[in-house]
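The primary structure of each chain is shown beneath.
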Amino acid sequence: MKKPFVSDEKIREIASQYPTPFYLYDEQGIRNTDALVKQAFAWNPGYREYFAVKATPNPYILKIMQDLGNGLDCSSYTELLMAKRLGFSGHDIMFSSNDTPAQDFALAKEMNVLVNFDDIGHIAFFEKRAGSLPETVCCRYNQGGVFTLGKSKEGFQVMDTPGESKFGMTREQIFSSFQILQKKGVKHFGLHAFLASNTLSNDYYPSLARIIFQLAVDLHRQLGVHIAFVNLSGGVGIPYRPEDKENDILAIGAGVKKAYEEILVPAGMKDVAIFTEMGRYMTGPHGCLVTRVLHKKKTYREYLGVDANSCNLMRPAMYGAYHHITVVGKENEPCTHVYDVTGNLCENNDKLAVQRKLPETDVGDLLIIHDTGAHGFSMGYNYNGRLRSAELLLKKDGSVIEIRRAETPEDYFATLRWPK
Ligand SMILES: *Cc1c(COP(=O)(O)O)cnc(C)c1O
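Residues numbered from 1 in each chain as written. Predicted model: local features only at pLDDT ≥ 70, side-chain atom pairs only at ≥ 80, totals over all residues. Heavy atoms only, no water.

Digging into helix H4 (residues 77-85)
Selection criterion: Relative accessibility thresholds used throughout: buried, under 20% of the residue-type maximum; exposed, over 50%; partly exposed, between the two (1.4 Å probe, protein chains only). Secondary structure counts use DSSP, requiring at least four H or I residues in a row for a helix and at least two E residues in a row for a strand, with both numbered from the N terminus. The arc in question is traced by the directions running from the helix axis to the C-beta atoms. Only heavy atoms enter the contact rule, under which two residues are in contact if any of them lie within 4.5 Å.
Turning to H4, its buried residues are Glu79, Leu80 and Ala83. Seen along its axis, H4 keeps its buried residues to an arc of 100°; they face one direction. Exposed residues on H4 whose side chains face more than 90 degrees from its buried face are Thr78 and Arg85. Those residues of H4 hidden inside the fold are in contact with strand E3 (71-74), strand E4 (93-96) and helix H5 (102-110). The positive-phi residue at the C-terminal boundary of H4 is Gly87, with phi of around 90°.

Pasting the structure below:
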């Protein structure tokens, strides 16, 4: 059974102070996950997590990451600016972008961050539009084809299709890029790849590591380049469904270590640092969306109309993603009803849950939509003139602060020109 990270009493108290809907994040939960991640990779002296900003782009969350010694993975000009304003600088930042505008590279160059090239063509583009290349450069690899890990003991299968993904370079392009970069005076190299998303498997990172490590050895042997780091990127999943088995990050770290010892160490590459860019794994379970039932409706189906909608949480509408829902105060009641939980957008896919078994739920009940701490608020939008909610942080001392206010119509109007 999935339990919220706050008690009913606490959530009612918060909801009496802040209007629903709102996001709530759990600082202690984030810190606990981070401690496990650090333990998992403690064997690698250069290890660093670069938290994927796009997962939860809020300064308070990013400050927690900074306090924990993590860097940031930025993907755009605005994310770079946010990182800069928070005091992240230089190699605290990995810039993993794609289809990159010139001004983004120019700012990345000015901030002297670690640049991760998504394409061989970006090398010349960078030089022309941002200036000389940094001493350390990373390139993103895409092995193409289909990536599978087969079924785990628990019956989960990891499958993704890098061959259809717009990201990264082919093996030949990686070799050419490294040669070009080497000629242009780049001294240290990184390799990055992201082959599958939201993986529930302790084998994903280790399998990915084997692929990149082997490529690193080939590059080192054939070109004599110094590989400074391997960036395993994101993709480590979380158990959205109650029946999902969660990843064991310690087993994942041990699997990467084994690959490291079998591939890199024999090649004399003992100083390669391991980087990760996890977003979902770091914050996903440590955030929830709290919403209240406004209306009940019964036609051909039973509906719970809530005060949040897909503008607040796009994943169900966009990917058919499952987010577990519990009804505050009714966690132990039997799930005797089947509801579609809907928002108020003029779109029939505006459903936060479809044909979901829940206890009998009433107008005024509070619903907790679980595991929305990553790629939740940040994917929000403004369709139908609907506004984005506030974000709250449950601090480790138990107090709650507002870390983003709710939007107002004035915010929505702020970018409009009005005819006289
Ligand atoms: C989205 C993304 C991440 C984070 O992915 P998660 O699945 O949230 O861990 C990391 N790196 C890059 C380049 C990404 O695009």
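Comments concerning the packing of aromatic side chains
Defined as follows: Under the pairing criterion, centres of Phe, Tyr and Trp rings, with the six-membered ring standing for Trp, must be within 6.5 Å; the plane angle then separates stacked pairs below 30 degrees from edge-to-face pairs above 60, leaving the rest tilted. Our definition puts a charge over a ring when NZ of Lys or CZ of Arg is within 6 Å of the ring centre and also within 35 degrees of the ring normal.
By the definition in use, this model includes 18 aromatic pairs. Between the aromatic rings of Phe105 and Phe117, the centroid separation amounts to 5.7 Å while the plane-to-plane angle is 65°, which identifies the pairing as edge-to-face. Here the residue Phe105 occupies a position in helix H5, and Phe117 occupies one in strand E5 (residues 114-117), the gap between them amounting to twelve residues. Pair check on accessibility: Phe105 and Phe117 agree, each one buried. Taken together, a centroid distance of 6.0 Å and an interplanar angle of 75° make the contact between Tyr412 and Phe413 edge-to-face. Across the ring face of Tyr50, the terminal group of Arg48 is positioned such that the distance to the ring centre comes to 5.6 Å.

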